[in-house]
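# Report on the structure
Here is what each chain is made of, one letter per residue.
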Amino acid sequence: MSSWLGGLGSGLGQSLGQVGGSLASLTGQISNFTKDMLLEGTEEVEAELPNSRRKEIEAIHAILRSENERLKKLCTDLEEKHEASELQIKQQSASYRHQLQQKEVEISHLKARQIALQDQLLKLQSAAQLVSSGAGSVPATTASSAFGYGISHHASAFHDDDMDFGDIISSQQEINRLSNEVSRLESEVGHWRHIAQTSKAQGSNSFDQNEIYKLQNIIKELKQNRSQEIDDHQHEMSVLQNAHQQKLTEITRRHREELTDYEERIEELENLLQQGGSGIAVTDHSKVHEMQKTIQVLQTEKVESTKKIEELVNKIEDISKKLSSAENDRDILRKEQERINVENRQIMEECESLKLECSKLQPYAMKQSDAMTEKKRILPQSASVEEVFRLQQALSDAENEIVRLSNLNQDNSLAEDNLKLKRQVQVLEKDNSLLSQEKEELQISLVKLNNEYEVIKSTATRNMDLDSELHDLRLNLEAKEQELNQSITEKEILIAELEELDKQNQEATEHMILIKDQLSKQQTEGDSVISKLKKDLNDEIKKFHQLEDDKMNITKEFNVQKEKLIQSELVLNDLRLTNQKLEDKVEDLVDQLNKSQENNLNIQKENFELKEHIKQKEEELSRVRDELTQSHNQDSKSNFKDDLLKEKEAEVRNLKQNLSEIEQLNENFKKVAFDLKMENEKLILACEDVRHQLEESVAGNNQISLQKHTIVEALKMEKGQLEAELCRAEKRLLEEANKYEQTIEELSNARNLSTSALQLEHEHLIKLSQEKDFEIAELKKSIEQMDTDHKETKKILSSSLEERKQLIQLTNEKEIFIEELKERSSELQEELDKYTQALRKNEILKQAIEEKDRSLGSMKEENNHLKEELERLREQQSRAAPMTEPKTLDSITELESEVLQLNTIKDHLEEEIKQHQRIIEDQNQSKMQLLQSLQEQKKEMDEVKYQHEQMNVTHTQRLVEKDEEIKNLQRTIEQIKTQLHEERQDVPTENTDIFQETKVQSLNIENGSEKHDLSKAETDKLVKGIKERELEIKLLNEKNISLTKQIDQLSKDEVGKLTQIIQQKDLEIQALHARISSASYTQDVVYLQQQLQAYAMEREQMLAVLSEKTRENSHLKTEYHKMIDIVAAKEAALIKLQDENKKLSSTFESSGQDMFRETIQNLSRIIREKDIEIDALSQKCQTLLTVLQTSSTGNEVGGVNSNQFEELLQERDKLKQQVKKMEEWKQQVMTTVQNMQHESAQLQEELHQLQAQVLVDSDNNSKLQVDYTGLIQSYEQNETKLKNFGQELAQVQHSIGQLCNTKDLLLGKLDIISPQLSSESSLTSQSAETLRTIKRDISSESSKQEIEELRKSLQEKDETIRTLQENNHRLSDSIAATSELGRKEHEQTDSEIRQLKEKQDILQKSLKEKDLLIKAKSDQLLSLNENFTNKVNENELLRQAVTNLKERTLILEMEIGKLKGENEKIVETSREKETNYQALQETNMKFSMMLREKEFECHSMKEKALAFEQLLKEKEQGKTGELNQLLNAVKSMQEKTVMFQQERDQVMLALKQKQMENTAVQNEVQHLREKESRLNQELERLRNHLLESEDSYTREALAAEDREAKLRKKVTLLEEKLVSSSNAMENASHQASLQVESLQEQLNVVSKQRDEAALQLSVSREQVKQYALSLSNLQMVLEHFQQEEKAMYSTELEKHKQLIAEWKKKAENLEGKLVSLQESLDEANAALDSASRLTEQLDLKEEQIEELKKQNELRQEMLNDVQKKLMNLVNSTEGKVDKVLMRNLFIGHFHTPKNKRHEVLRLMGSILDIKREEIDQLLNEDQGSVTRWMTGWLGGGSKSVPNTPLRPNQQSQFNSSFSELFVKFLETESHPSVPPPKLSVHDMKPLDSPGRRKLETNVPESFKDAAESRPGRRTDVNPFLAPRSAAVPLINPAGLGPAGPGHLLLKPISDVLPTFTPLPVLPDNSAGVVLKDLLKQQ
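All figures in this text were calculated on a predicted structure; none of them were measured in a lab.

## Quick notes on a negative patch on the surface
Taken together, the side chains of Glu-263, Glu-264, Glu-267, Glu-270 and Glu-1604 make up a negatively charged region of the molecular surface. If you tally residues by element for the negative patch, the top one is helix H4 (residues 209-276), at four residues. As for its placement among the helices and strands, Glu-263 is situated in helix H4.

Given below as structure tokens:
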């Protein structure tokens, strides 16, 4: 699983990287595109806008600039965060990589060990094969292979893990980058949306709708892409988190196991130490005891010192915090000074702008208003000018005072700080010197202790008889550890020194802070009095300024309204002009329509006339035809008729021309009508647009005027009231001023006395503080230097430690390797010894074999001799007499026995030889294997040497690299130091560059600290990032340059206007901030912050829930995959079962059939044999009968032959042999039965085993079922959890909705609550009301704690209100006293108000940012909700999948049931076959019975034969005795045979029973095998699982062994470290005692300082009491002022009433202006009415056009009918020539006189298209033969003369000769009038008047002008619609439209010649067309 997950993770990482890259490029492209689009839009708008809107654009420009700056700040913040996150990620990655490297080292060790083990295994196997038969080799090999596979697999998985982690880091970085880009795009979208809204509000609708729509689409697409990317990233993150968690769990598990192993090992070693420690001498024990005591003492002292160190560290931190706060205060003072300067500049600029506005307003007011309004307005304008001058004076005074105060404050604070710092630095330097002395003493003592310890250790080690090598190693290690301990002790000493310094510094700073606090309290009390007085002044000044601002606002609004009026007037004029143009167009169109209508009417009339004329002509034609038919023979009349025909033809031609022209005119009229219609539609659309614009402008003007009116009225009312109140207040102040002057003087005297004393003290304290500040600065510098030194030492130490660790690891690895090699060499030596022994044995065996061979040779020779002797003896036997037979037989038997013995000996010897040969072969093989192994070992040794050399080389390289790195680090440290020094120099001068320098520092420090860990890839990334930053900086610089250039291009006047507009906007913003800056605002901000925190918490919770869901999802997926695997396994098992069933059924059938066949064949064979025997016996019986008959018939009694007797004896021998055979067969049957019994026993055992296996499998099945049920239950629990989570999500969403609603309410209230601070009473009431409303809203959501906080804030507000009231009373007195002081305070208050406004701006910006944050959070919440819904959907899908799996399992179970049914069927078929088998067995039994009967018959026959033999013998010999004997023998033999038969039958029955049992057992075995196969398939999975677990256990066991080895080493190291640490502790105790003494001295000094501080405190308290008394006196005086102040308000009220009267007058003037505006509006409405009338007229015209169109359509239909008829006529007449015509021509040639015959021939030639030259040639030649003439006739017919159009001079010449006229008639008849093709209306061309009937290709100038004025009408020349001569235009039509068609035939002939319609052509030119057509027909 780990490898699979690893692969998946790596794949995901790669895909993420690709996706990340593509998304980055896509988002970058989109952002660039949006920027380009917006820039293009702005450029186009700038080009299009008039000068009046330039101001608005400039204002937008300023807003954009501010936005740009804000975005830059955001960018910088985000970059810092990004860098911080990258640092964290790098640190984490470095740690992870370090861990992974360690693990890889461990893996390499394990691999090496594995290889060694495998080699050992191979050797053992070879040895085992040599020794034993090699049975045990197989499992070993399998185990080793399995083990190897497991190890490699694990290693690969680990490697994948490493890759996955890298991918996770890269994907996380890409996700961060993408999220940053998304946030940036969102901010850009919001910014552009804001700009679009502002531009809409101002009325600048100049942007194109299309561009806006495109941008909106782009934004939508971006949002969709973002949501998709977020979903993808979250999904990938969830997967990666799961993978990471799994890896972490594995790592932690391994770590725990290792820890436990280590602990156990340590315990064992401790026990060993305790056991071994008893052997040491008593002297050592005493020393050890002393050392232990010292260690305990040192430990206690160490604990105490650590506690003290921690306390000192805390104190140092407090001091550093206080120092930073002091520095911050200093920075704040500087910033305030800068702000004051900026505000002074702004005030000066505002004064100048006010002057300019006053100067501009006066002439404008003079122009605009009437004479009466001028008189009324002079007074307030003059008053406003005076007020401006007063304001300027007040501002200058305020600036002077502010500058003086700020300088004083700054100098005092700086002096105090510097004095304090100097003192602290001196004290710290003293402490430092003391500490350095102590350090030197401690080092000396350390060296002494180390020397003593070494002496003691050397004596102890001499006593011990340990190995020399171990001793050396331990000494080396101890030396290294001592060095380490020394460095650690030095480090601790340095830390202690630092802590002491910090403590002293802290005490000094505390003392200084106490003094400073006392001074600050005194200052605050003085400032509070001053601030109260200032606040009273501020309120009055605020009121005054508000009135002035209102005035300015009204004048601005008035100007804006005027500008808008001017704009609306311009728009109206434009609309009027467009209307006039449209009217002109309409009139032109109407004229054209009228003309076209007239033309139509004329054409209609002409059409009617032409129709009538045609009818008449047709009638005449019919008459002429009749006459022609009658007068064929009359030659005299023929000429006249020809003339008539020609005339008629000419008339018809003219009529046709007229018709075509009329058609063209019709088409042109259609074109015109269509053009008119198009123009009408365009005009209607334009009118509608204009109407909409007018309506919108009117509505906007109305709204603006109403709003302005209401605002003006409200402002007038407020101003009047305020002015009245002011007047009264001034009167009262003047009256009471005299009274309070005396009291003020007294107070001032008293104050001067007190202030002089205070100033002296203050100056003294400032000097002290300056000294301290200097000291502090010096101390800081020294501390920083110390820190840098400390860091450098740390780095160097860490690098050296890492190198040492690496070296130690390398040495350890090499030692392990050497030990392994030693072990291998020892093993090889042992094996070599074994092999040498085996070789010795082999040599001994060889010798024995040689001896045996020799003996064999001698034996063979003896054997040959004996054989020869045997042969001789046999020959002698054959020759010898019968007397010597017994001797020879004995000798033969003896010889045979000897031969047998010899043969057996020979066999044994041969077997021994074979065995020896085998042994020799084995030994040879083992020799070969040994040689191979030796060679391999040599190779391995070479490889090891080579690796060792490589390792040495790499080690040296690494050392060199490390040295280089250390050098680089030193250089970087030096650079950092130089930079730090530069920074210390630059800090007081340049505040702006601090940020950049710190950035550089941080980068350098990062580079310095992380150069060890950074790889090449990371450095490349850093370089890329720097380059990208540089590119961004360059782009920003270029943008800045372009912006500056644009600003420079703007003229100075425009810049001035812009500044004025900006100032106006600033004033408005300040007013708004003054309104908003109420008490409730801060509370709202706090509440919003709380909400934000709550949202953040909710978001985190949601993320946590999501991560849990993703984990659950992944778990479910894994379960799903497992289920799928199980199902697949089940399916595979099913398929296997089915296959096995089929195989079993087939095998069963085949085996059953084979059995039956074999049994039947055996039976048939036995029956045949028995039949043969019966036949033989029957033949014998017959032969015996014949013999008997012959003997009975023979006379001779003693005629029995000896031959017959011999035959009988032979038969008896044969029978004996048969009996022997039967006995042998019986024995065989018995053995088979025994074998069968054994087999049955074995089968039963197998049955029992199978049953046990079945039980085990059933148990396993039950376990699996339990597991499955458990899984289902867990899945159901997960489902319930999911439902719960869904409910929780719904609740969270509901709560989020509620929070959003509350946020909207709060924002609404923020917008509503903008109270104007008219007086203190109104303020209090409004604040109370707002608080109540907020309480009501919050009570539903927030708890009682918030209400209590609000109450507290209310009480604080009430207190502030009371103080304000008291300040008011005091203020009134101070105003009455001095008006000049009042002015100065006015200026101060102005500056303070501006500060407040700026603060307000900052607060508003923060509010906006928080709003944006809230929006972002809400968007994130929405996206999270979407993700959650997606996850829920995925869960549902998984549920469905699980349900599907359940269904599949059910289906599989059904299939299993079916298969079981099939199995049962198969079992039934097998049972049927068994029954058949039993039936066959029964038949077999019957056969056997038959056999027995046959045997009985045989026996009976044999008995008869015997009887016959006895008879024969009796007859032959006459001796009954012998016959009886024979008969008895026969009987006994018969009985024996019967017995044998019975036994055989019994055996056969037993055999059959055994066979039946065997078949039953086989069936059972088959069933069990089937079950076995099923269970095996189920068990295979479990076995695999077991194998995997065994592999893991083996791995763990190997790891444990490695750990043991490592732990042993570590324990030895720890033992040595203990000894060294005891020394270190002694040194530390000595140092601690010294430190304690120094600390006590310091404590004494501190106690003295504390006493001094207490004395100073008591003095300061007494001073505070005095100040309190003086304050109480002042309060008494103020109470008197409050009582008298009430009288002042009445006078102020009167003044306000007067002001109200003035404002009323102004309001009347404004009403007069409104009336004039209304009049202009009425005029606009009138213009609109006229436009509506025009639209109505246009509608009427459209209706008329539609009617004309209908008429045109009717005409078109008529024309189409006529064209169809003409086409029919043409088709009928085309290409036909009358025979009569030809005959007349021919006859006419001969009838003409000879002088004029050449003219007739020329005429005929012209008809036949023969050229003139050819005709002249023919006529000149006098041959004139018929053939020549005919060839010319036929040959010239194909040639054609081009139809050249006539020139304008040439007229039709109807000169003479009837023949010419006739030819013309023929020509006109032969020309086909093709109907003109219909084309679009736009391609048609207008024609001239019908009188002349020619195309106007020469266009006059007037028409050209018309064409230019109307671009909508197209004037193309269409060649298809013109007549034939005009089809090819003679003038290039490029002047009237686009180029004509590109064909060569359609190109113009000339650009100069005028063209006309075709007139009748000369006969010379075009008479041959008719004859051409004739020839074509032929």
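Now that the structure is up, let's keep going.
## Considering the nonpolar core
Soluble globular proteins tend to pack their nonpolar side chains together in the buried interior. The biggest cluster of nonpolar side chains holds 15 residues, and the ones touching the most others in it are Leu-1088, Tyr-1095, Met-1102, Ile-1414, Leu-1421 and Phe-1428. When contributions to this core are tallied by element, the ones reaching two or more residues are helix H13 (1079-1193), helix H14 (1202-1312) and helix H17 (1379-1517).

## Details of a nonpolar patch on the surface
On the surface, Met-928, Leu-931 and Leu-934 cluster together into a nonpolar patch covering about 280 Å² of accessible area. Within the secondary structure layout, Met-928 lies in helix H9 (residues 885-986).

## Some points on helix H19 (residues 1779-1791)
Across its 13 residues, H19 extends 18 Å between first and last C-alpha, which sits within 8% of the 18 Å expected from 1.5 Å per residue. Buried residues of H19: Leu-1781, Leu-1785 and His-1789, and no others. Seen from one end, H19 has its buried residues packed into an arc of 75°, which puts them on one side. Looking at H19, the residues exposed on the side facing more than 90 degrees away from the buried face are Lys-1779 and His-1791.

## As for the confidence of the model for the protein
Per-residue confidence for the protein averages 78 on the pLDDT scale, and 78% of its residues sit at or above 70. Counting interchain partners and residues more than four positions distant, the pLDDT-below-50 stretch residues 1316-1324 has 11 contacts. Below a pLDDT of 50 lies the segment residues 1876-1942, which in the model reaches 113 contacts outside its immediate sequence neighbourhood of four places, other chains included.

## Quick notes on the packing of aromatic side chains
Counted by the stated rule, this structure contains two aromatic pairs. Measuring from centroid to centroid gives 4.2 Å for Tyr-740 and Phe-1681, while their planes differ by 85°, and the two rings are edge-to-face. Of the two residues, Tyr-740 sits in helix H8 (residues 635-879) while Phe-1681 sits in helix H18 (residues 1520-1773), which places them 941 residues apart along the sequence. The two residues Tyr-740 and Phe-1681 agree in class, both being buried. Measuring from centroid to centroid gives 5.1 Å for Phe-1786 and Phe-1790, while their planes differ by 75°, and the two rings are edge-to-face. Here the residue Phe-1786 and the residue Phe-1790 both occupy positions in helix H19, the gap between them amounting to four residues, near one helical turn. Exposure remark for Phe-1786: the relative accessible area of 42% places this residue in the partly exposed category. Classification of Phe-1790 as partly exposed rests on a relative accessible area of 44%. Against the face of Trp-1703 rests Lys-1706, its NZ or CZ located 4.0 Å from the ring centre.

## Looking at the pattern of salt bridges
Here the idea is simple: oppositely charged side chains can pair when their charged atoms come close. Under the definition given, this model contains 37 salt bridges. Here Glu-67 makes a salt bridge to Arg-70, at a shortest N to O gap of 2.9 Å. Residue Glu-67 and its partner Arg-70 are both found in helix H2 (residues 54-131); the two are separated by three residues, about one turn of the helix. For Glu-730, the salt bridge goes to Lys-1695, with nearest N and O atoms at 3.0 Å. You can see Glu-730 sitting in helix H8 and its partner Lys-1695 sitting in helix H18, a full 965 residues away along the chain. Glu-730 sits in the partly exposed class, given a relative accessible area of 43%. Ionic contacts of the salt-bridge type, sharing partners, join the residues Lys-103, Glu-258, Asp-261 and Arg-1603 into one network.

## A word on the environment of Leu-1523
Following the sequence through the fold, Leu-1523 ends up in helix H18. Given a relative accessible area of 0%, Leu-1523 falls into the buried group. In this structure, the C-alpha to C-alpha distance between Leu-1523 and Leu-1511, residues 12 residues apart in sequence, is 8.1 Å. Other than its neighbours up to four places away in sequence, Leu-1523 contacts Glu-1509, Gln-1510, Lys-1513 and Glu-1514.

## What to know about the packing of helix H20 (residues 1797-1807) against helix H21 (residues 1812-1820)
Contact geometry of H20 with H21 gives a least axis separation of 10 Å together with a crossing angle of 145°. Note on packing geometry: the crossing formed by H20 with H21 is right-handed. On H21, the residues touching His-1798, Leu-1801, Arg-1802, Gly-1805 and Ser-1806 of H20 are Ile-1815, Asp-1816 and Leu-1819. Taken together, the residues of the contact of H20 with H21 sort by class into three nonpolar, three polar and two charged.

Definitions and cut-offs
Residues numbered from 1 in each chain as written. Predicted model: local features only at pLDDT ≥ 70, side-chain atom pairs only at ≥ 80, totals over all residues. Heavy atoms only, no water. Patch = residues over 30% accessible without salt bridge, like charges linked within 9 Å, V, L, I, M, F, W, Y side chains within 5 Å. Areas by Shrake-Rupley, 256 points an atom, 1.4 Å probe, with all protein chains shown as cover. Salt bridge = Lys/Arg side-chain N within 4 Å of Asp/Glu carboxyl O. Lys, Arg positive; Asp, Glu negative; His and termini not counted. Charge placed at Lys NZ, Arg CZ, Asp CG, Glu CD. Helix = DSSP H or I, 4+ residues; strand = E, 2+ residues; numbered from the N terminus. Core = buried A, V, L, I, M, F, W, Y, C linked by side-chain atoms within 4.5 Å. Buried < 20%, exposed > 50% of the residue type's maximum accessible area, 1.4 Å probe, protein only. Expected span 1.5 Å × (residues − 1). Arc of directions from axis to C-beta. pLDDT = per-residue confidence, 0-100. Contact = heavy atoms within 4.5 Å. Phe/Tyr/Trp six-rings, centres within 6.5 Å; stacked < 30°, edge-to-face > 60°. Lys NZ or Arg CZ within 6 Å of the ring centre and 35° of its normal. Axes fitted to C-alpha atoms, helices over the stretch in contact; angles between N-to-C directions. Left-handed = near helix turned anticlockwise from the far one by under 90°. Nonpolar A, V, L, I, M, F, W, Y, C, P; charged D, E, K, R; others polar.

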